[in-house]
Amino acid sequence: MAASTEQIHWQHLKMGDREAFMFLYESHYQALFAFGCRVIADRELVKDTIHELFCELWDRRSRLPEVDNVKAYLFTSLKRKLLRENQDVFASLSDTTAGPVERSYEETLVEMQSDDDNKRRVQHLLSKLTPGQLEMIRLKYYEQLSYEAIAQRLQLQPRTVYNQVSEALKTLRKHMQVLSSLFLFIFVR
């Protein structure tokens, strides 16, 4: 059976290939982040733990195991790290709370407003992409298809899909930095 692109990148990572490392990081970050946020609610802890996970992968690259499913390995590793990182918090919560915590009406309204604002920001960012890039982002991050599966569905070369997704992410990052700078300028004055 032929090795998948991910398995090939995994093998290259084990040999110290930085491009393979970055490929794995960039192709899995968003899915890992979404998954991590379902495991625990602390978004910053999820981001930090993903970065720690990849730093550990790089540091242990020569001792990494052979894996059949790179994505499953990363998801399992992240979940274990998050639960370990958050174990003390879980223990203290289970000791102090008898039941579910209820939020006030005001807290719920603020959260809904924040969600609406975030949705508008995301829609604005996505409007900066070409229709083709938007479709590839949807397939990659919402349907969680591999580059090969996207290429097959859209009748393109996998490298073309990878390049287009990479360009789309660069565009999104650039516009997010502009928005962040604008918000800082407005609120710091």
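My aim in this report is to walk through the structure given alongside it, one point at a time. Here the structure is a predicted model, which is why all the values come from computation and not from measurement.

Conventions and cut-offs
Residues numbered from 1 in each chain as written. Predicted model: local features only at pLDDT ≥ 70, side-chain atom pairs only at ≥ 80, totals over all residues. Heavy atoms only, no water. Helix = DSSP H or I, 4+ residues; strand = E, 2+ residues; numbered from the N terminus. Buried < 20%, exposed > 50% of the residue type's maximum accessible area, 1.4 Å probe, protein only. Contact = heavy atoms within 4.5 Å. Areas by Shrake-Rupley, 256 points an atom, 1.4 Å probe, with all protein chains shown as cover. Salt bridge = Lys/Arg side-chain N within 4 Å of Asp/Glu carboxyl O. 1 Å grid on protein atoms, 1.4 Å probe; cavity = no way out; pocket = protein on both sides within 12 Å on 5 of 7 lines; lining within 4 Å. Points joined across faces, edges and corners; volume = space filled by probe spheres on them.

### Things to note about the overall build of the protein
When its secondary structure is counted, the protein shows nine helices and zero strands. Helices and strands appear in the protein in the N-to-C order α-α-α-α-α-α-α-α-α. The burial tally for the protein puts 31% of its 189 residues in the buried class. Taking as baseline every contact in the protein between residues at least 6 positions apart, the subset at least 24 positions apart corresponds to 62%. About 12900 Å² of surface is accessible on the protein, with carbon and sulfur atoms providing 54% of the total.

### A few points about the pattern of salt bridges
Taken as a whole and judged by the stated rule, the model has eight salt bridges. As a salt-bridge pair, arginine 138 and glutamate 135 come within 2.7 Å of each other at their nearest N and O atoms. Here arginine 138 pairs with glutamate 135, and both are found in helix H7 (residues 131–142), just three residues apart, close to one helical turn. Of the charged contacts, one joins arginine 138 and glutamate 143 as a salt bridge, the two residues approaching to 2.4 Å between their closest N and O atoms. Counted as one network, the salt bridges with shared partners bring together Glu135, Arg138, Glu143 and Arg153.

### Quick look at the layout of surface pockets
Here the second largest pocket defines a volume of roughly 290 Å³. Sorting the residues of the lining of the second largest pocket by element identifies helix H1 (5–14), helix H2 (18–39), helix H4 (70–85), H7 and helix H8 (147–154) as the ones contributing at least two each. The element that contributes the greatest number of residues to the lining of the second largest pocket is H2, accounting for four residues.

### Quick look at unusual backbone geometry
Of note in the backbone geometry, glutamine 144 takes a positive phi value of approximately 55° without being a glycine. Although it is not a glycine, glutamine 155 sits at a positive phi angle of roughly 55°. Looking at glutamine 155, the relative accessible area reads 72%, which means it is exposed.

Interpretation note: all reported values are geometric properties and have no functional meaning in isolation.
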